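Now for the letters of each chain:
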Amino acid sequence: MFTRLFLGLLLLVPTMWGAELQLSFTPRWKNQDITLPTRELATSTGQLVRLTRFSALLSDFQLLRPDGSVVRLEGQYGFIDAENKRLIVSLENVPEGRYAGLQVCFGVPESVNHADPGVWPVGHPLNPQVNAMHWNWQGGYVFLAMEGFWRDAVSTEPSGFSYHLAGDEQLMTIRFLSSFEVEDATKVNLALNTAKLFQDRVIAKNDGSDTTHSGKGDTLAPQLVGATERAFFWLGTESAQPKVIVNSNSEPAGKTVGTPVAFTVPAGFPQPAMPADNPLTEEGIELGERLFGDRRLSSNGSQSCITCHDPQLAFSDTVALSLGAEGDVGERNTMPLFNLAWHPSYAWDGTKKTIREQAIAAMTNPIEMNADIDEVIFILSDDPRVADDFEAAFGSREITGDRIGRALEQFLLTQVSADSKFDRAVRGEEKLTADEQKGLELFLTEYDPARGKRGADCFHCHGGGLFTDFVARSNGIDLVAKDEGAKKVTGKESDAGKFKTPTLRNVALTAPYMHDGRFDTLEEVIKHYDHGVKRAANLDPNLAKHPQDGMGLTDEEQKALVAFLRTLTDESYYSLPNMMLVLRE
């Protein structure tokens with residue numbers, strides 16, 4: 001008896017060696033595979049729904065032995081995202097053998113849910129940069145997020161729905177009882193019948209059926225938890241190709257030149273993916289700072305990067321559309337340049353994947369700096385001081401376009417903003433005024449009149465310590481998109497007019513607003529979201545669920561929101577180094 005108990009306990013301990021087990025999730029509507037965003041789908045109650053998002057966090061993976069013992073894969077987590085086709089979770093060190101079933105939790109344990117999300121490394125499923133499902137100081141993760149649009153069969157105007165299951169009591173346990181064998185790399189194919197989440201339910205406006213954030217006393221959240229647990233089913237197993245592991249933190253080839261500089265991650269921020277092939281050095285950062293203010297990077301020597309990225313305005317501009325070196329009007333509003341280490345891509349549409357790529361693109365764009373990179377290299381190479389700087393930063397006096405981009409990247413990576421009045425209030429070093437506190441509460445509260453919640457719903461897109469989720473969204477500024485936006489990257493018609501959510505840090509310094517700079521003041525921006533949203537076909541569901549005539553925020557509430565947004569200003573931009581101000585001359 002003792003021996004059997006001892007062997008059973010051993011099985012609960014993670015093994016050091018074993019096979020890879022891949023869990024593959026296929027979203028379905030009844031018996032048909034679907035891809036997101038979907039076409040309109042008919043529910044059992046005759047309504048039509050269109051799914052745009054299904055994301056979930058997974059934990060507590062358990063394999064059930066035929067003898068009743070359990071192999072528990074401690075410390076392993078997963079994230080699935082149907083919209084971006086991330087639907088396979090790889091589990092490591094799984095003992096080979098025959099199993100009678102599989103169990104997985106949707107959500108994370110309480111101890112993990114309330115811990116600092118900044119501890120998770122780059123690429124980890126629980127890193128907020130990966131999942132965009134953490135509410136930061138609000139507390140904990142969203143375990144499952146499903147969003148989209150709905151309408152009655154006789155209605156032509158769709159509305160949005162937003163279901164966010166969260167909170168320690170909303171853990172979902174999915175158990176599959178089916179015999180299978182793990183041998184080498186093995187894939188388990190699972191399916192989710194999303195139609196079950198709408199079965200026998202009628203969605204209506206303003207009665208709480210179109211939204212949930214799993215608040216206390218919310219009866220919809222547990223209903224959706226139960227429906228989710230019943231919606232999964234087993235498809236079978238097959239051999240799998242082993243996952244290729246890429247070490248994103250590997251050292252760059254060759255010897256690092258210069259004096260290394262450590263990158264400090266502010267409290268409450270997730271771990272960023274720093275470029276491994278461009279380590280920060282004092283010499284590289286200084287060279288990048290000088291290049292940032294060098295007018296020789298433009299076609300006619302009339303502009304530097306600072307011309308359109310004013311350091312005292314959080315590296316933004318004062319006009320809707322900046323003028324290029326030849327006097328051409330830009331296509332989009334100048335974005336501020338700080339906290340770039342956390343961006344997954346750059347530019348409003350996300351077309352640039354690295355800072356250096358974006359920097360060179362601005363230099364060579366005909367309607368921006370209009371530079372010929374070879375001409376810039378020729379001019380800079382004629383300056384011995386510049387050649388000295390390149391030698392100090394990169395080990396030789398050779399000047400190349402790649403090195404110019406890398407130096408600018410190093411300088412911009414060091415522009416970290418995390419010391420506003422709001423940050424000091426979170427740390428207990430300062431107190432918000434009554435208006436600022438009221439604005440914060442409105443910012444963090446969902447608009448949900450059915451549950452007595454009167455909020456501005458800002459946190460859906462601007463939550464977390466970075467005040468952005470970096471997701472490309474349609475925010476209803478145009479009924480028909482005048483700019484293709486993210487469609488340029490994805491090729492999807494549904495992404496036309498979608499732009500990356502900008503951070504709200506330093507937002508009081510970065511007017512005018514929106515991708516085309518159409519709003520001059522924060523007051524105008526808030527009025528837009530309160531009652532000016534145009535119901536475009538791909539409007540974000542979190543906005544589409546609001547009434548057509550708006551949320552009806554009072555003047556006092558709108559003023560409170562502005563007061564809170566002004567607490568996000570980092571005052572260090574008022575006292576930048578003299579060199580930056582001289583270079584701007």
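Residues numbered from 1 in each chain as written. Predicted model: local features only at pLDDT ≥ 70, side-chain atom pairs only at ≥ 80, totals over all residues. Heavy atoms only, no water.

A. Inspection of the overall build of the protein at higher detail. If you tally the helices and strands in the protein, you get 17 helices and 16 strands. Rg of the C-alpha trace for the protein: 26 Å, near the compact-globule value of 25 Å for 585 residues, within the 12% margin. In terms of principal-axis extent, the alpha carbons of the protein reach across some 80 × 60 × 45 Å. For the protein, restricting intrachain contacts to residue pairs at least 6 apart in sequence, the fraction spanning at least 24 positions comes to 71%. Put simply, the protein shows about 26,200 Å² of open surface, and 53% of that area lies on carbon and sulfur atoms. (Helix = DSSP H or I, 4+ residues; strand = E, 2+ residues; numbered from the N terminus. Rg over C-alpha atoms; globule rule 2.2 N^0.38 Å. Contact = heavy atoms within 4.5 Å. Areas by Shrake-Rupley, 256 points an atom, 1.4 Å probe, with all protein chains shown as cover.)

B. Spatial organisation of the packing of helix 11 (residues 434-444) against helix 16 (residues 555-566). In the contact formed by helix 11 and helix 16, the axes pass within 7 Å of each other and the chain directions differ by 100°. Compared by their axis directions, helix 11 and helix 16 come out roughly perpendicular. Of the residues in helix 16, those touching helix 11 at Asp 435, Glu 436, Lys 438, Gly 439, Leu 440, Leu 442 and Phe 443 are Glu 557, Ala 560, Leu 561, Ala 563, Phe 564 and Leu 565. Along the lines of polarity and charge, the residues of the contact of helix 11 with helix 16 split into 8 nonpolar, 1 polar and 4 charged. (Axes fitted to C-alpha atoms, helices over the stretch in contact; angles between N-to-C directions. Parallel < 35°, antiparallel > 145°, perpendicular 65-115°, else oblique. Nonpolar A, V, L, I, M, F, W, Y, C, P; charged D, E, K, R; others polar.)

C. Local environment of unusual backbone geometry. A cis amide bond links Leu 36 to the next residue, Pro 37, at an omega of 0°. If you check the backbone angles, Asp 200 has positive phi at about 60° while not being a glycine. Mapping Asp 200 onto the fold places it in the loop between strand 12 (186-193) and strand 13 (211-212).

D. Broad picture of the state of the cysteines. For the structure on display, the rule yields 0 disulfides. The closest cysteine sulfur to the non-disulfide-bonded Cys 308 is located on Cys 305, 9.0 Å from its own sulfur. (Disulfide = S-S within 2.5 Å.)

E. Quick peek at the environment of Arg 454. With respect to the helices, strands and loops of the structure, Arg 454 is situated in the loop between helix 11 and helix 12 (459-462). Since its relative accessible area comes to 39%, Arg 454 is described here as partly exposed. Taking C-alpha positions, Arg 454 is 9.5 Å from Glu 441, a pair spaced 13 residues apart along the chain. Excluding anything up to four places from it in sequence, Arg 454 contacts Leu 442, Thr 445, Glu 446, Met 551, Gly 552, Leu 553, Thr 554 and Glu 557. (Buried < 20%, exposed > 50% of the residue type's maximum accessible area, 1.4 Å probe, protein only.)

F. Expanded view of the pattern of salt bridges. If you walk through the whole model with that rule in mind, you get 38 salt bridges. Salt-bridge contacts for Asp 218 lead to Arg 451; the nearest nitrogen and oxygen are separated by 3.2 Å. Taken together, the residues span a long stretch of sequence, with Asp 218 in the loop between strand 13 and helix 4 (220-231) and Arg 451 in the loop between helix 11 and helix 12 at a distance of 233 residues. Judged by relative accessible area, Asp 218 falls into the buried class, the value being 9%. The residue Arg 454 makes a salt bridge to Glu 557 at a minimum N-O spacing of 2.7 Å. Of this pair, Arg 454 sits in the loop between helix 11 and helix 12 while Glu 557 sits in helix 16; the two residues are 103 residues apart in sequence, bridging distant segments of the chain. Where salt bridges share partners, they join Asp 419, Arg 424, Arg 427, Glu 429, Glu 430 and Glu 571 into one cluster. (Salt bridge = Lys/Arg side-chain N within 4 Å of Asp/Glu carboxyl O.)

G. Layout of the nonpolar core. In terms of nonpolar packing, the biggest core is built from 91 residues, with Phe 106 and Phe 198 touching the most fellow members. In this structure Phe 106 touches Phe 25, Ala 56, Leu 57, Leu 58, Ile 80, Phe 143, Leu 144, Gln 170, Leu 171, Met 172, Ile 174 and Phe 232, once residues within four positions along its chain are discounted. Of all hydrophobic cores here, the second largest spans 42 residues; its members include Leu 287, Val 376, Ala 407 and Leu 413. (Core = buried A, V, L, I, M, F, W, Y, C linked by side-chain atoms within 4.5 Å.)

H. How the structure looks around the pairing of strand 5 (residues 70-73). Note that strand 4 (residues 48-64) and strand 5 share 4 bridges and pair antiparallel. Along strand 5, the bridge assignment pairs Leu 64 with Val 70. Hairpin remark: strand 4 followed by strand 5, antiparallel, with 5 residues in the connecting loop; positive phi at Gly 68, about 95°. (Pairing = 2+ DSSP bridges.)

I. Region of interest: the confidence of the model for the protein. Here the protein averages 92 in pLDDT, and 93% of its residues register 70 or above. Throughout residues 248-253 the model reports pLDDT below 50, and contacts reaching past four residues in sequence, or to other chains, amount to 7 contacts. (pLDDT = per-residue confidence, 0-100.)

J. Geometry of the pairing of strand 4. Burial analysis of strand 4 places 15 of its 17 residues in the buried class, the great majority of the element. Taken together, the 2 bridges between strand 3 (residues 41-42) and strand 4 define a ladder with antiparallel strand orientation. Bridge pairing in strand 4 links Ala 42 to Leu 48. Here strand 3 hands over to strand 4 after 5 residues, with Gly 46 in that stretch at a positive phi of 90°. Here strand 4 pairs with strand 9 (residues 142-151) via 8 bridges, running antiparallel. Note that in strand 9 the partner of Ala 56 across the bridge is Leu 144. Two strands pair when backbone bridges link them, and strand 4 and strand 6 (residues 78-81) are joined in this way by 4 bridges, in the antiparallel orientation. For Ala 56, the partnering residue across the bridge sits in strand 6 and is Ile 80. Sheet analysis places strand 4 next to strand 8 (residues 97-106), joined by 5 bridges and oriented antiparallel. Across the sheet, residue Leu 64 finds its bridge partner in strand 8, namely Gly 101.

K. Quick peek at the packing of aromatic side chains. In the structure shown here, the tally under the stated rule is 25 aromatic pairs. Ring centres of Phe 467 and Phe 564 lie 6.5 Å apart, and the angle between their planes is 45°; on these two criteria the pair is classed as tilted. Within this pair, whereas Phe 467 is found in the loop between helix 12 and strand 15 (472-473), its partner Phe 564 is found in helix 16, the two being separated by 97 residues in sequence. Given the relative accessible area of 0%, Phe 467 is considered buried. Of the aromatic side chains, those joined through ring pairs into one cluster are Phe 292, Phe 315, Phe 338, Phe 411 and Tyr 573. (Phe/Tyr/Trp six-rings, centres within 6.5 Å; stacked < 30°, edge-to-face > 60°.)

L. Quick peek at the environment of Arg 473. Here Arg 473 is to be found in strand 15. The spacing of Arg 473 and Val 376 is 97 residues in sequence and 37 Å in space, taken between C-alpha atoms. Contact partners of Arg 473, with chain neighbours within four places excluded, come to His 460, Cys 461, Gly 497, Lys 498, Phe 499, Thr 501, Asp 540 and Asn 542.

M. Structural view of helix 8 (residues 384-394). For helix 8, the full list of buried residues reads Val 386, Ala 387, Phe 390, Ala 393 and Phe 394. Looking down the long axis of helix 8, one finds its buried residues gathered within 125° of arc, a one-sided arrangement. Exposed and facing more than 90 degrees away from the buried side of helix 8 are Pro 384 and Arg 385. Structurally, helix 8 contributes buried residues whose contacts are with helix 5 (282-292), helix 7 (373-381) and helix 9 (401-413). The positive-phi residue at the C-terminal boundary of helix 8 is Gly 395, with phi of around 95°. (Arc of directions from axis to C-beta.)

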